[in-house]
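Residue-level structure breakdown
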Amino acid sequence: MVKGAVLYNFGEALKVESLKLRAPQPDEVVVKLAASGVCHSDLSVQQAKLPFPPPVVLGHEGAGVVEEVGKDVKHVKPGDHVVLSWVENCGRCHYCIAGQPHLCDAMMQSMMSGGELVFEKDGTQIARMAGVASFAERTVVRGNAAIKIPDDVPLDRACLVGCGVTTGVGAAVNTAKVQPGDTVAVYGCGGVGLNVIQGALLSGAARIVAVDLAPAKLELAKTFGATDLVNGGDGNAPDQIRSLTDGLGVDFAFEVIGVPAVIQQAYMSLKRGGKVIVVGVPPIGSTVEIPGQMIPLEEKSIIGSLYGSANMKRDMPRLIDLYQRKKLKLDELVSKRIKLEDVNEAFAALE
């Protein structure tokens, strides 16, 4: 039996209960979780904004130690330290073959089906969120979701690479391909937004404008590499950004909140030829209004970024290496440590 935090109904608090964990299939591994980040996407599932139907064990930003492997798994063994990836990459579908494993068909099918049933409570089958379920003492994941990392990396920092760091840094490095000298605005300075800022800094951006409503978040953004701060409550954010860029606007504006009105603001912050990178996931059924003439006449574009357009087997070890060489901040991303039993307090803090 293992403890896990289960969402039984949308809009309700999670229940931490003892659950039965099924044995791994040939292509799966059992992982003893050491730590999990609490991501806004977990809250979005609770609020029925993302398609993972309950009952489901939440959590998708985990790291731990491999305990058992299926007979077909060869790249990890019991005792290995791993970061868990919530994107399956089958290696066989069109997207994997095309070098876009973050768009893998298997991952999309898993998302639409709500994840596989790996837990059980009194005869009720319970799914794992995003193929991970990191709000549990142990979990079963696909072998290709377990990315080996060095044993000396603290797992309570490495877990953040499982989602927020990869998503944010990757949006700047992989999706936007920010170049030295580019100008960047980041709308939303939570966990993912701070990592977009880190990614832009690693890419050599000349100016990184952090945009938020919370002064404390803006101050924190400075420690991650922001060169300028814009409080959206002090007036029109796009106008403030243009005033910082000689009236031009920025090359790239990242929206990391998932709010349609903010995506529009990000679009209005661009210089001609600029690109909005949408990282935040808007609620189901929402739409984004963009001035149509600007698209062709100013050659502005909107690009989505899923999981930082990452190649997980390549990018996660790279990010860990950057952390070990003190070129990537992970320690500073940890604002509080809690026990599994206190997960609902973390959700209240997110809200």
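Residues numbered from 1 in each chain as written. Predicted model: local features only at pLDDT ≥ 70, side-chain atom pairs only at ≥ 80, totals over all residues. Heavy atoms only, no water.

Let us look at unusual backbone geometry. Residue Pro 55 is bonded to the preceding Pro 54 through a cis peptide linkage, with omega at 0°. Considering the arrangement of structural elements, one finds Pro 55 in the loop between α1 (40-46) and β4 (56-57). Unlike most non-glycine residues, Ser 309 shows phi in positive territory, near 50°. Within the secondary structure, Ser 309 sits in the loop between β16 (301-304) and α11 (312-324). One non-glycine residue, Lys 326, lies in positive phi territory at about 60°. Summarising the element assignment, Lys 326 is placed in the loop between α11 and α12 (343-350). (Helix = DSSP H or I, 4+ residues; strand = E, 2+ residues; numbered from the N terminus.)

Overall, the coordinates contain three aromatic pairs when judged by the stated rule. Taking 6.2 Å as the distance between ring centres and 65° as the angle between the ring planes, the aromatic pair formed by Phe 135 and Phe 347 counts as edge-to-face. One end of the pair, Phe 135, is in the loop between β8 (124-128) and β9 (138-142); the other, Phe 347, is in helix α12, and 212 residues separate them in sequence. Across the pair, Phe 347 and Phe 135 agree in class, each one buried. (Phe/Tyr/Trp six-rings, centres within 6.5 Å; stacked < 30°, edge-to-face > 60°. Buried < 20%, exposed > 50% of the residue type's maximum accessible area, 1.4 Å probe, protein only.)

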